[in-house]
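Structural description and commentary
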Amino acid sequence: MIFSKIKEAFSSKINNIFKSHEDIDEIIDEIEELLILSDVGMKTTSEICNELRKDLLKEDDTSKEHVMELLKEKMINILTLEEVKEFDPKKNVILVVGVNGVGKTTSIAKISNLYKKMGNKVLLAAGDTFRAGAIEQLEIWARNVGVECVSGKDGQDPASVVFEASKKYTDEGYDTLICDTAGRLHNKKNLMDEIEKIKKTIDRNIEDIDTEVLMVIDATTGQNAVEQVKAFYDKTSVDGIILTKLDSTAKGGVVFSIINELNIPIKYIGVGEKIDDIKEFNAEEFVDSII
Ligand SMILES: Nc1nc2c(ncn2[C@@H]2O[C@H](COP(=O)(O)OP(=O)(O)OP(=O)(O)O)[C@@H](O)[C@H]2O)c(=O)[nH]1
Ligand SMILES: [Mg+2]
């Protein structure tokens, strides 16, 4: 089980709570504290626990099994967004953005492999022309996965690399184009403008295309990850999140605050460094795997 660390930690703490308390109010208070410690965030934790309290006040059954069943239900509700924009998988341009070192390039490799297995003709664009070695890193992944990659030179305008890739996408009938970008902070105006320029290049050069912007964040940064997305979102629209390195944290609660506070869907989760270490995010499966 991928999240066995999180699950073990959570269930032993839950057992302790039920062993040392009988009063349901006290039990909920303890659960509240546990959720905050698990990185769920204050606001989201309060929402979950208020709902739980409301339900339990009306009922006689305060057994651990029942409380846990209700808690799971509330958690799944938080993770289920009402309206999620759909992108046509056969006509998909994905622009992958985020700060340095969060796992953008690795996630692109993983997603290109998923799309290829789905039967899509996949093209990559090496839009990180900033960091030394970034182009080669993506080219190596492309070779390993067995997909094509359009690369420019170090220091080249990323929009011009994406322009080349857009032309190839149309001329050679690709289904999926995934563009890598350099790591950037939201307060670097020229770098944020670059994202808009890349988006415009795609829109101008591929007919009827809706560019999907996926922001990669690192789960080990905890609640800071939420602030990171907020800052980015202020400057450029984000359609979905790729949450990486969930295998390297014993918490994982950040998933709840991202969806609840930002209303942005998590599309994929990264659970390791290898090509298959990625999963499409599913609320029920996720909650089942952590508590
Ligand atoms: N454990 C773990 N490591 C990951 C995961 N995703 C990426 N990594 C590691 O994180 C490090 C950075 O990954 P990159 O894909 O190069 O990150 P990036 O965002 O492209 O970095 P820059 O291009 O430098 O901004 C590498 O060592 C990856 O192997 C994951 O889901 N789990
Ligand atoms: Mg990279």
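Residues numbered from 1 in each chain as written. Chains lettered and ligands numbered in written order. Predicted model: local features only at pLDDT ≥ 70, side-chain atom pairs only at ≥ 80, totals over all residues. Heavy atoms only, no water.

1. Notes on the overall build of the protein chain
Our working definition: In DSSP terms, a helix is any run of H or I states spanning at least four residues, a strand is any run of E spanning at least two, and both are numbered starting from the N terminus. The atom set for the radius of gyration is the C-alpha atoms, and the globule formula is 2.2 Å times the number of residues raised to the power 0.38. In this scheme, a residue with accessible area under 20% of its type's maximum is buried, one over 50% is exposed, and one in between is partly exposed, where area comes from a 1.4 Å probe on protein chains only. In what follows, a contact means two residues having at least one pair of non-hydrogen atoms within 4.5 Å. Per-residue and other accessible areas were derived by the Shrake-Rupley procedure at a 1.4 Å probe size, with only the shown protein chains allowed to occlude residues. Charged residues are defined narrowly, with Lys and Arg counted positive, Asp and Glu counted negative, and His plus the chain ends left uncounted. The location of each charge is read from NZ of Lys, CZ of Arg, CG of Asp or CD of Glu.
Across its full length, the protein chain carries eleven helices and eight strands. Relative to a compact globule of 291 residues, whose C-alpha radius of gyration would be 19 Å, the protein chain shows 21 Å and is just as compact. Across its three principal directions, the C-alpha atoms of the protein chain cover 65 × 35 × 35 Å. Scored against the burial criterion, the 291 residues of the protein chain give a buried share of 53%. In the protein chain, once contacts between residues fewer than 6 apart in sequence are set aside, the share between residues at least 24 apart is 74%. Carbon and sulfur atoms form 46% of the exposed surface of the protein chain, whose accessible area is close to 14000 Å². Separation of charge centres in the protein chain, based on 38 positive and 55 negative side chains, amounts to 7 Å.

2. Structural notes on the pattern of salt bridges
The following threshold applies: By definition, a salt bridge exists where a carboxyl oxygen of Asp or Glu is found within 4 Å of a side-chain nitrogen of Lys or Arg.
Counting across every chain of the model gives 20 salt bridges. When the shortest N-O distance is used, the salt bridge between K168 and E172 registers 3.2 Å. Overall, E172 belongs to the partly exposed group, its relative accessible area being 38%. Residues joined in a network through salt bridges with shared partners are D25, D29, E32 and R53.

3. Brief notes about the layout of surface pockets
Put simply, the rule reads: In the cavity and pocket records, a cavity denotes points on a 1 Å grid over the protein atoms alone where a 1.4 Å probe fits but cannot get out, a pocket denotes an open set with protein on both sides within 12 Å along at least 5 of 7 lines, and lining residues are residues with an atom within 4 Å of a point. Grid points are joined across faces, edges and corners, and a volume is the space filled by probe spheres set on the points. Residues are grouped as follows: nonpolar covers Ala, Val, Leu, Ile, Met, Phe, Trp, Tyr, Cys and Pro; charged covers Asp, Glu, Lys and Arg; every other residue, Gly included, is treated as polar.
Put simply, the largest pocket is a space of about 600 Å³. Taken together, 23 residues form the lining of the largest pocket, with V84, I266, K267, E280 and F281 sitting closest to its centre. A total of three residues in the lining of the largest pocket trace back to one element, the largest contributor, which is strand β7 (residues 266–270). When grouped by side-chain class, the residues that make up the lining of the largest pocket number 14 nonpolar, three polar and six charged. When its volume is computed, the second largest pocket comes out at roughly 370 Å³. Counting residues per element, the ones that place at least two in the lining of the second largest pocket are α5 (104–117) and β4 (176–181). Per-element accounting of the lining of the second largest pocket gives the leading share, five residues, to α5. Partitioned by chemical class, the residues of the lining of the second largest pocket number three nonpolar, 13 polar and eight charged.

4. With respect to unusual backbone geometry
Located in the positive-phi region is D39, a residue other than glycine, with phi close to 80°. Take D39: it is sitting in the loop between α2 (24–37) and α3 (42–57). Overall, D39 belongs to the buried group, its relative accessible area being 14%. One non-glycine residue, K245, adopts positive backbone phi at about 60°.

5. Some words on the domain arrangement of the protein chain
Our working definition: Either an automatic procedure or a domain database provided the assignment from which the domain bounds are taken. Take the accessible area each of two parts loses on contact, using a 1.4 Å probe, and add the two losses: that sum is the buried area. Residues adjacent in sequence count toward polar contacts only when both atoms are side-chain atoms; beyond that, a polar contact is any pair of N or O atoms within 3.5 Å, and within protein one must be able to donate a hydrogen and the other to accept it.
For the protein chain, the assigned domains read domain 1 (4–79) and domain 2 (92–290). A straight line from the C-alpha centre of domain 1 to that of domain 2 covers 34 Å. Taken together, the 17 residues of domain 1 in the interface contact 23 residues of domain 2. Between domain 1 and domain 2, roughly 1900 Å² of surface is buried when both sides are summed, and carbon and sulfur atoms account for 61% of that area. Together, I6, D39 and L79 form the three largest contributors to the area buried by domain 1 at its contact with domain 2, with a combined 39%. A salt bridge links K72 to D288, with the nearest nitrogen and oxygen atoms 2.9 Å apart. The tally of links from domain 1 across to domain 2 stands at eight residue pairs in polar contact (both at pLDDT 80 or more).

6. Description of the side chain of N120
Locating N120 in the fold gives a position in the loop between α5 and β2 (122–127). Within the structure, the side chain of N120 is placed 3.0 Å from the side chain of K90, a separation counted as a polar contact. Separated by 3.0 Å, the side chains of N120 and T176 make a polar contact. Discounting residues that sit within four places of it in the chain, N120 has contacts with P89, K90, Y115, D175 and T176.

7. Some remarks on the site of ligand 1
The condition that has to hold: Here a residue is considered near a molecule or strand provided that any single heavy atom belonging to it is located within 4 Å of it. Any molecule with more than half of its atoms within 2 Å of a cavity's or pocket's grid points is counted as sitting in it.
Taken together, the neighbourhood of ligand 1 is formed by 19 residues, with K104, T105, T106, D247 and E273 sitting nearest. A distance of 2.5 Å separates an oxygen atom of ligand 1 from a polar atom in the side chain of T106. In the model, an oxygen atom of ligand 1 is placed 3.3 Å from a nitrogen or oxygen of the G270 main chain. About the coverage of ligand 1: the protein hides 82% of its 660 Å² of free accessible area. More than half of the atoms of ligand 1 fall within 2 Å of the grid points belonging to the second largest pocket. When residues in the shell around ligand 1 are grouped by element, the largest group, four residues, is from α5. For the shell around ligand 1, the per-class residue count stands at two nonpolar, ten polar and seven charged.

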